[in-house]
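Given next are the chains, with one letter for each unit.
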Amino acid sequence: MNFMGVDDERDTHRTTVDGTVIAYRTTGTGPPVLLLHGWPQTGTAWRKVVPLIADRHTVVVPDLPGFGASSRPADGYRKTEVADRMHALMTRLGYPRYDVAGHDVGGQVCYPLAARRPAAVRSVALVEAGVPGLGDSLAAANPLTGGSWHFGFNMVPDLPELLITGRERDYLRAILLRDSIGLAVPGAIDDGVLDHYADALAAPGGIRGAMGHYRALPDDIADNRELAARGRVTAPVLLVGAQEGVGLGWRDTVDEAFEQVSTREIAGCGHYLPEERPAELAALLLAHWSAVAA
């Protein structure tokens, strides 16, 4: 990845995990961290954060299955399955123990990863993310009726593929600029990056892959509740919310899933925090990782 812009094919590596090709980029030096992007983006979402942390950490930034240059399989979007692939990627790279941070749907992957791989995950950072199926909020308990309108739309079989094909850029603009939790920092996602996200969504299988993460939510809810019934995760977690995004509205889900929870909220920021307020987010991540290491 050209971390100062959009993807550069020369910087992209690929490996096959359980039949799925995972594209990833890596840079930096120091203890390893895994950064998982949100929906409907790619690893490029972390382009502004990576230069701010790479002098202190080895950074691994994959495209999640279904996005970017990774495979777009017909299934396999259950977050436990995605977490297994992310762990396999890190161990293959020689990092048996690492910190993980996830934004949005990438944050949803973090919980089963930490719960099922406690010896590997040293700490977790959830950025505008929570744990579906836990807590008392409506959006947490049932994404079919809670949260943003696009939850239900994205989960309908075939309909997004029918309606979005050929209109990928328009759809992404509507998602990014929606009134509820959209971008609050003008220009944070410029036209070039929007084109990159739209091209990825328009690639063969791109819409199906992106929607697969939503269509897996009923299974994710069941998996998360089963994991939570075994006990809370001991790895410390930092929950970072955006004042004009979800904020700390997922706090109850995280409290049910983790023993040690700290929270921060960033003002003047919408949902796409890594792109809107990268300096503030990088500082919080570095402090979190340093405290865990102390």
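Notes on the structure in this doc start here.

### Notes on the overall build of the protein
Piece 1. Helix and strand content of the protein: 13 helices and 8 strands.
Piece 2. For 294 residues, the compact-globule estimate of 2.2 N^0.38 gives 19 Å, and the C-alpha radius of gyration of the protein, at 17 Å, lies within 12% of that figure.
Piece 3. If one aligns the C-alpha atoms of the protein with their principal axes, the spans along those axes are about 50 × 45 × 40 Å.
Piece 4. Per-residue burial for the protein yields a buried fraction of 57% across its 294 residues.
Piece 5. The long-range share in the protein, meaning contacts at least 24 apart out of those at least 6 apart in sequence, stands at 75%.
Piece 6. Carbon together with sulfur atoms contributes 51% to the accessible area of the protein, which is approximately 11,200 Å² in total.

### Quick look at the pattern of salt bridges
Piece 1. A full pass over the atoms with the stated rule returns 13 salt bridges.
Piece 2. Measuring nitrogen to oxygen at the nearest pair gives 3.9 Å for the salt bridge that ties Arg78 to Asp219. Of this pair, Arg78 sits in the loop between β4 (58-62) and α2 (79-92) while Asp219 is found in helix α10 (residues 217-229), placing the two residues 141 residues apart along the sequence.
Piece 3. The partly exposed category is assigned to Arg78, whose relative accessible area is 30%.

### Observations regarding unusual backbone geometry
Piece 1. In this structure, the amide linkage connecting Trp39 to the following residue, Pro40, adopts the cis form with an omega of 5°.
Piece 2. With respect to the secondary-structure elements, Pro40 resides in the loop between β3 (32-36) and α1 (50-53).
Piece 3. The backbone phi angle of Glu128 is positive, close to 50°, even though this residue is not glycine.
Piece 4. Along the polypeptide, Glu128 turns up in the loop between β6 (121-127) and α4 (138-141).
Piece 5. Overall, the relative accessible area of 2% leaves Glu128 in the buried class.

### A short note on the nonpolar core
Piece 1. Core analysis: the biggest nonpolar cluster contains 60 residues, and Leu34, Trp39, Val124, Leu126, Tyr171 and Phe258 have the highest contact counts within it.
Piece 2. Leave out the neighbours within four places in its chain, and Leu34 touches Val60, Pro62, Met86, Met90, Tyr98, Asp99, Val100, Ala101 and Leu113.
Piece 3. Core analysis: the next-biggest nonpolar cluster, separate from the first, contains 23 residues, Trp46, Ile53, Ile266 and Leu286 among them.

What counts, and at which threshold
- Residues numbered from 1 in each chain as written.
- Predicted model: local features only at pLDDT ≥ 70, side-chain atom pairs only at ≥ 80, totals over all residues.
- Heavy atoms only, no water.
- Helix = DSSP H or I, 4+ residues; strand = E, 2+ residues; numbered from the N terminus.
- Rg over C-alpha atoms; globule rule 2.2 N^0.38 Å.
- Buried < 20%, exposed > 50% of the residue type's maximum accessible area, 1.4 Å probe, protein only.
- Contact = heavy atoms within 4.5 Å.
- Areas by Shrake-Rupley, 256 points an atom, 1.4 Å probe, with all protein chains shown as cover.
- Salt bridge = Lys/Arg side-chain N within 4 Å of Asp/Glu carboxyl O.
- Core = buried A, V, L, I, M, F, W, Y, C linked by side-chain atoms within 4.5 Å.

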